[in-house]
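What follows is the residue order along each chain.
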Amino acid sequence: MPHEVDMTRALILSLRDWHAGQSKSHPIRRVLLLVGQFTGVEPDLLRSAFARQKLDTAFLREAELVIRESPFVAHCRGCNQDYQPDIGLRYACPTCGAAMDEIRSGRELKIERVEWADDDVTG
Ligand SMILES: [Zn+2]
């Protein structure tokens, strides 16, 4: 069982909590999610898990999940430069060979924005 299924469950639970705390009860039309390449999350698996699980809810039933991927970028302090490691293959700095010691982006996993079905954008 891919962990995207559990992750989607957690995502839907936090959206439900958020939705319950709002003053209006319209359904949600779109959820924008930021997913870093270094989280190991497969956007396609996340999308298909969401498409199935949203049917069990009323407020998300018509919602679309839009995923924005953030690239995996590391920073070498020795060379003072950013570089993109090859996930699973090479994490060291391509210039000096130093081990990766700083990650600039790629670990994000968060809801960027939620849009209501009535065109009112929030978040
Ligand atoms: Zn370097």
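Residues numbered from 1 in each chain as written. Predicted model: local features only at pLDDT ≥ 70, side-chain atom pairs only at ≥ 80, totals over all residues. Heavy atoms only, no water.

### Topic: the packing of aromatic side chains
1) Next: This model, assessed by the stated rule, comprises 4 aromatic pairs.
2) Next: Counting every residue linked through ring pairs, the aromatic cluster contains Phe38, Phe72 and Tyr91. (Phe/Tyr/Trp six-rings, centres within 6.5 Å; stacked < 30°, edge-to-face > 60°.)

### Thoughts on helix H2 (residues 43-53)
1) Next: Pro43, Leu46, Ala49, Phe50 and Gln53 are the residues of H2 that are buried. Here the buried residues of H2 occupy an arc of 130 degrees about the axis, which is enough to place them on one side. Seen from the open side of H2, the exposed residues pointing more than 90 degrees away from its buried face are Asp44 and Arg52.
2) Next: The inward-facing, buried residues of H2 contact helix H1 (3-20), strand S1 (28-36) and strand S2 (64-70). (Buried < 20%, exposed > 50% of the residue type's maximum accessible area, 1.4 Å probe, protein only. Helix = DSSP H or I, 4+ residues; strand = E, 2+ residues; numbered from the N terminus. Arc of directions from axis to C-beta. Contact = heavy atoms within 4.5 Å.)

### Thoughts on the sheet that holds strand S5 (residues 103-105)
1) Next: Read from one edge to the other, the open sheet built from 3 strands follows the order S4-S3-S5, with strand pairing classed as antiparallel. This sheet does not close on itself; its edge strands, each paired only once, are strand S4 (81-83) and S5. Taking the axes of each pair of neighbouring strands and ignoring which way they run, one obtains an average angle of 35 degrees across the sheet.
2) Next: Relative to S4, strand S3 (residues 73-76) runs antiparallel, the two sharing 3 bridges. Among the inter-strand pairings, Cys76 is bridged to a residue of S4, identified as Gln81. (Pairing = 2+ DSSP bridges. Axes fitted to C-alpha atoms, helices over the stretch in contact; angles between N-to-C directions.)

### Some words on the coordination of the zinc ion
1) Next: Taken together, Cys76 (SG), Cys79 (SG), Cys93 (SG) and Cys96 (SG) make up the full set of protein donors to the zinc ion, lying 2.3 to 2.4 Å away.
2) Next: Each of the 4 donor atoms bound to the zinc ion contributes to angles spanning 104 to 116 degrees, and the resulting shape is tetrahedral.
3) Next: Of note, the donors binding the zinc ion are all from one chain and are spaced C-x2-C-x13-C-x2-C. Of this pair, Cys79 sits in the loop between S3 and S4 while Cys96 sits in the loop between S4 and S5, and the two are 17 residues apart along the sequence.
4) Next: Overall, Cys79 belongs to the partly exposed group, its relative accessible area being 28%.
5) Next: Judged by its relative accessible area of 46%, Cys96 falls in the partly exposed class. (Donors = N, O, S within 2.8 Å, 3.2 Å for Na, K, Ca; no water. Tetrahedral: all angles 85-135°; square planar, octahedral: opposite > 155°, others 65-115°.)

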